Amino acid sequence: MVFNKIDSFVNQNTQAILPYANSSYQSIVYEGGEAYKCHDTPKKIIEDACLFAGSTYAGRRIAATKLLGYQRKTPILVCPHRRICLMPTGAPERFMDCSWFSVLHIAKIINNYEGTNHPAIQLKSGVYISVPNSYIVLRQQFERAQTCLNFFTERENDSGYFSH
(Lines give C-alpha, C1' and ligand atoms only; values in the text may rest on other atoms or scores of the structure.)
Protein backbone atom coordinates (compact mmCIF):
# COMPACT_ATOMS: atom_id res chain seq x y z
CA MET A 1 0.00 0.00 0.00
CA VAL A 2 1.27 3.47 -0.86
CA PHE A 3 0.49 6.30 1.54
CA ASN A 4 0.50 10.02 0.80
CA LYS A 5 3.16 12.01 2.58
CA ILE A 6 3.96 15.64 1.97
CA ASP A 7 7.66 15.60 2.77
CA SER A 8 10.28 12.90 2.85
CA PHE A 9 13.77 12.77 4.20
CA VAL A 10 16.51 10.24 3.53
CA ASN A 11 17.50 8.31 6.64
CA GLN A 12 18.88 4.88 7.55
CA ASN A 13 15.46 3.32 6.90
CA THR A 14 15.16 4.72 3.37
CA GLN A 15 15.30 1.80 0.96
CA ALA A 16 14.46 3.32 -2.43
CA ILE A 17 13.30 6.55 -4.05
CA LEU A 18 11.45 6.15 -7.34
CA PRO A 19 10.17 8.78 -9.76
CA TYR A 20 6.41 9.13 -9.88
CA ALA A 21 4.86 11.79 -12.02
CA ASN A 22 1.32 12.94 -11.53
CA SER A 23 -0.27 16.28 -10.75
CA SER A 24 0.50 16.19 -7.02
CA TYR A 25 3.41 13.84 -6.39
CA GLN A 26 6.90 13.45 -7.85
CA SER A 27 8.29 10.39 -6.07
CA ILE A 28 7.59 7.25 -4.13
CA VAL A 29 9.83 6.57 -1.16
CA TYR A 30 10.16 3.07 0.28
CA GLU A 31 10.99 3.28 3.93
CA GLY A 32 10.67 0.83 6.79
CA GLY A 33 8.51 -1.60 4.82
CA GLU A 34 6.06 1.06 3.62
CA ALA A 35 5.84 3.31 0.57
CA TYR A 36 5.01 7.01 0.55
CA LYS A 37 4.15 9.41 -2.26
CA CYS A 38 6.08 12.66 -1.95
CA HIS A 39 5.85 16.09 -3.55
CA ASP A 40 9.59 16.48 -4.22
CA THR A 41 11.54 14.78 -6.99
CA PRO A 42 13.96 12.01 -6.01
CA LYS A 43 16.92 14.28 -6.78
CA LYS A 44 15.50 17.11 -4.62
CA ILE A 45 14.99 14.68 -1.72
CA ILE A 46 18.63 13.56 -2.06
CA GLU A 47 19.93 17.12 -2.41
CA ASP A 48 18.15 18.09 0.82
CA ALA A 49 19.56 15.04 2.63
CA CYS A 50 23.10 15.87 1.51
CA LEU A 51 22.70 19.43 2.84
CA PHE A 52 21.41 18.11 6.15
CA ALA A 53 24.48 15.84 6.37
CA GLY A 54 26.81 18.80 5.83
CA SER A 55 27.57 18.75 2.11
CA THR A 56 25.89 19.30 -1.21
CA TYR A 57 24.73 16.84 -3.82
CA ALA A 58 27.21 18.43 -6.24
CA GLY A 59 30.04 18.11 -3.69
CA ARG A 60 29.29 14.44 -3.05
CA ARG A 61 29.13 13.79 -6.78
CA ILE A 62 32.40 15.63 -7.49
CA ALA A 63 34.18 13.69 -4.74
CA ALA A 64 33.06 10.33 -6.16
CA THR A 65 33.93 11.44 -9.69
CA LYS A 66 37.42 12.73 -8.82
CA LEU A 67 38.46 10.03 -6.35
CA LEU A 68 36.78 6.98 -7.87
CA GLY A 69 36.53 7.98 -11.53
CA TYR A 70 32.75 7.55 -11.82
CA GLN A 71 31.65 9.94 -14.58
CA ARG A 72 28.08 8.75 -15.14
CA LYS A 73 25.36 7.35 -12.89
CA THR A 74 27.51 8.36 -9.95
CA PRO A 75 26.52 6.87 -6.58
CA ILE A 76 25.90 9.51 -3.91
CA LEU A 77 27.22 9.02 -0.40
CA VAL A 78 24.53 11.02 1.38
CA CYS A 79 25.94 10.54 4.89
CA PRO A 80 29.15 8.63 5.63
CA HIS A 81 28.49 8.54 9.39
CA ARG A 82 25.19 6.72 8.88
CA ARG A 83 26.50 4.73 5.87
CA ILE A 84 23.77 6.05 3.57
CA CYS A 85 24.83 5.60 -0.04
CA LEU A 86 22.32 5.77 -2.88
CA MET A 87 22.72 4.07 -6.23
CA PRO A 88 21.08 5.64 -9.31
CA THR A 89 19.67 3.36 -11.99
CA GLY A 90 19.94 5.99 -14.70
CA ALA A 91 21.06 9.53 -15.39
CA PRO A 92 19.68 11.71 -12.57
CA GLU A 93 18.98 14.49 -15.09
CA ARG A 94 16.42 12.23 -16.77
CA PHE A 95 13.83 12.37 -14.02
CA MET A 96 11.57 9.46 -14.99
CA ASP A 97 14.48 7.16 -15.92
CA CYS A 98 16.31 7.33 -12.60
CA SER A 99 15.38 5.47 -9.45
CA TRP A 100 17.64 5.48 -6.40
CA PHE A 101 18.34 2.52 -4.11
CA SER A 102 20.10 2.43 -0.76
CA VAL A 103 23.04 0.04 -1.05
CA LEU A 104 22.56 -1.34 2.45
CA HIS A 105 18.91 -2.26 1.75
CA ILE A 106 19.49 -4.29 -1.42
CA ALA A 107 19.13 -8.01 -0.77
CA LYS A 108 19.77 -9.10 -4.36
CA ILE A 109 19.39 -8.24 -8.01
CA ILE A 110 17.35 -10.73 -10.01
CA ASN A 111 17.65 -11.21 -13.79
CA ASN A 112 14.49 -11.61 -15.92
CA TYR A 113 12.13 -10.93 -13.04
CA GLU A 114 8.86 -12.88 -13.37
CA GLY A 115 9.54 -13.82 -16.98
CA THR A 116 10.13 -10.26 -18.14
CA ASN A 117 13.24 -9.05 -19.89
CA HIS A 118 13.87 -6.67 -16.99
CA PRO A 119 15.75 -7.29 -13.77
CA ALA A 120 14.35 -6.46 -10.35
CA ILE A 121 15.93 -5.33 -7.12
CA GLN A 122 14.81 -7.20 -4.05
CA LEU A 123 14.98 -5.06 -0.96
CA LYS A 124 15.81 -6.61 2.39
CA SER A 125 12.22 -5.84 3.41
CA GLY A 126 11.10 -8.38 0.78
CA VAL A 127 9.79 -5.83 -1.73
CA TYR A 128 10.66 -6.43 -5.39
CA ILE A 129 11.03 -3.43 -7.71
CA SER A 130 11.33 -4.04 -11.44
CA VAL A 131 13.93 -1.83 -13.11
CA PRO A 132 14.07 -1.17 -16.88
CA ASN A 133 17.84 -1.58 -17.12
CA SER A 134 20.05 -4.45 -18.07
CA TYR A 135 21.00 -6.89 -15.34
CA ILE A 136 24.70 -6.30 -16.00
CA VAL A 137 24.37 -2.52 -15.68
CA LEU A 138 22.49 -2.89 -12.38
CA ARG A 139 25.15 -5.25 -11.02
CA GLN A 140 27.86 -2.77 -12.02
CA GLN A 141 25.97 0.10 -10.40
CA PHE A 142 25.57 -1.91 -7.20
CA GLU A 143 29.29 -2.73 -7.11
CA ARG A 144 30.22 0.89 -7.75
CA ALA A 145 27.93 2.08 -4.96
CA GLN A 146 29.40 -0.49 -2.54
CA THR A 147 32.89 0.67 -3.50
CA CYS A 148 31.90 4.31 -2.95
CA LEU A 149 30.42 3.55 0.46
CA ASN A 150 33.41 1.51 1.59
CA PHE A 151 36.00 3.90 0.18
CA PHE A 152 34.68 6.99 1.90
CA THR A 153 33.67 5.40 5.20
CA GLU A 154 37.01 3.56 5.54
CA ARG A 155 38.87 6.70 4.56
CA GLU A 156 37.00 8.65 7.20
CA ASN A 157 37.60 6.01 9.87
CA ASP A 158 41.28 5.47 9.05
CA SER A 159 42.38 9.05 8.54
CA GLY A 160 41.89 10.25 12.09
CA TYR A 161 40.81 13.52 10.48
CA PHE A 162 37.27 13.24 11.82
CA SER A 163 38.04 11.61 15.16
CA HIS A 164 38.63 13.42 18.42
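This text follows the structure it describes.
In this text the structure is predicted, and so the values were computed from the model without any measurement.

### Overview of helix α1 (residues 42–52)
Turning to step 1, where the next piece is worked out: Of the positions making up α1, those classed as buried are P42, I45, I46, A49 and C50. Axial view of α1: buried residues confined to an arc of 135°, hence all on one face.
Turning to step 2, where the next piece is worked out: Looking one or two places after α1, you find G54, whose phi comes out positive at around 100°.

### Describing the pattern of salt bridges
Turning to step 1, where the next piece is worked out: Following the criterion strictly, the structure yields two salt bridges and no others.
Turning to step 2, where the next piece is worked out: The salt bridge involving D97 is made with R94; its shortest N-O contact spans 2.8 Å.
Turning to step 3, where the next piece is worked out: On the basis of relative accessible area, D97 is assigned to the partly exposed category, the value being 40%.
Turning to step 4, where the next piece is worked out: With relative accessibility at 54%, the residue R94 sits in the exposed group.

### Observations regarding helix α2 (residues 57–68)
Turning to step 1, where the next piece is worked out: Relative to the 16 Å expected for twelve residues at 1.5 Å per residue, α2 spans 16 Å between its end C-alpha atoms, a close match to the ideal helical length.
Turning to step 2, where the next piece is worked out: Taken together, the buried positions of α2 are occupied by Y57, R60, A64 and T65. Looking down the long axis of α2, one finds its buried residues gathered within 130° of arc, a one-sided arrangement.
Turning to step 3, where the next piece is worked out: G69, located one to two residues past α2, shows a positive phi value of around 80°.

### Describing the nonpolar core
Turning to step 1, where the next piece is worked out: Membership of the largest hydrophobic core comes to 24 residues, with the highest contact counts inside it found for Y30, M87, F101 and I121.
Turning to step 2, where the next piece is worked out: Of all the secondary structure elements, the ones that give two or more residues to this core are β2 (14–19), β3 (27–31), β6 (84–88), β8 (106–110), β9 (120–123) and α3 (135–159).
Turning to step 3, where the next piece is worked out: If we ignore the near neighbours within four places in the chain, the residues touching I121 are M87, F101, I106, K108, I109, V127, Y128, I129, V131 and L138.
Turning to step 4, where the next piece is worked out: Formed by 17 residues, the second largest nonpolar core is a distinct cluster that contains V10, I17, I45 and I46.

### Quick notes on the packing of aromatic side chains
Turning to step 1, where the next piece is worked out: Taken as a whole, this structure holds three aromatic pairs when the rule is applied.
Turning to step 2, where the next piece is worked out: Ring centres 5.0 Å apart and planes at 90° place the aromatic pair F151 and F152 in the edge-to-face group.
Turning to step 3, where the next piece is worked out: The ring of Y70 carries the charged tip of R144 above its face, separated from the ring centre by 4.3 Å.

### Thoughts on the sheet that holds β8
Turning to step 1, where the next piece is worked out: With antiparallel pairing, three strands are arranged side by side in an open sheet as β8-β9-β10. In the strand order of this sheet, the two ends are held by β8 and β10 (128–130), each with one partner. Across the sheet, the mean angle from the axis of one strand to that of its neighbour is 20°, orientation sign disregarded.
Turning to step 2, where the next piece is worked out: As paired strands, β8 and β9 are joined by four bridges and run antiparallel to one another. Within the sheet, the bridge partner assigned to I109 lies in β9 and is I121.

### Quick notes on the pairing of strand β5 (residues 76–79)
Turning to step 1, where the next piece is worked out: The pairing of β5 with β6 spans three bridges and is antiparallel. Looking at the pairing, L77 lines up with C85 of β6.
Turning to step 2, where the next piece is worked out: With antiparallel pairing between neighbouring strands as the criterion, β5 and β6 make up a hairpin whose turn holds four residues, including R83 at a positive phi of roughly 55°.

Calculation rules
Residues numbered from 1 in each chain as written. Predicted model: local features only at pLDDT ≥ 70, side-chain atom pairs only at ≥ 80, totals over all residues. Heavy atoms only, no water. Buried < 20%, exposed > 50% of the residue type's maximum accessible area, 1.4 Å probe, protein only. Helix = DSSP H or I, 4+ residues; strand = E, 2+ residues; numbered from the N terminus. Arc of directions from axis to C-beta. Salt bridge = Lys/Arg side-chain N within 4 Å of Asp/Glu carboxyl O. Expected span 1.5 Å × (residues − 1). Core = buried A, V, L, I, M, F, W, Y, C linked by side-chain atoms within 4.5 Å. Contact = heavy atoms within 4.5 Å. Phe/Tyr/Trp six-rings, centres within 6.5 Å; stacked < 30°, edge-to-face > 60°. Lys NZ or Arg CZ within 6 Å of the ring centre and 35° of its normal. Pairing = 2+ DSSP bridges. Axes fitted to C-alpha atoms, helices over the stretch in contact; angles between N-to-C directions.

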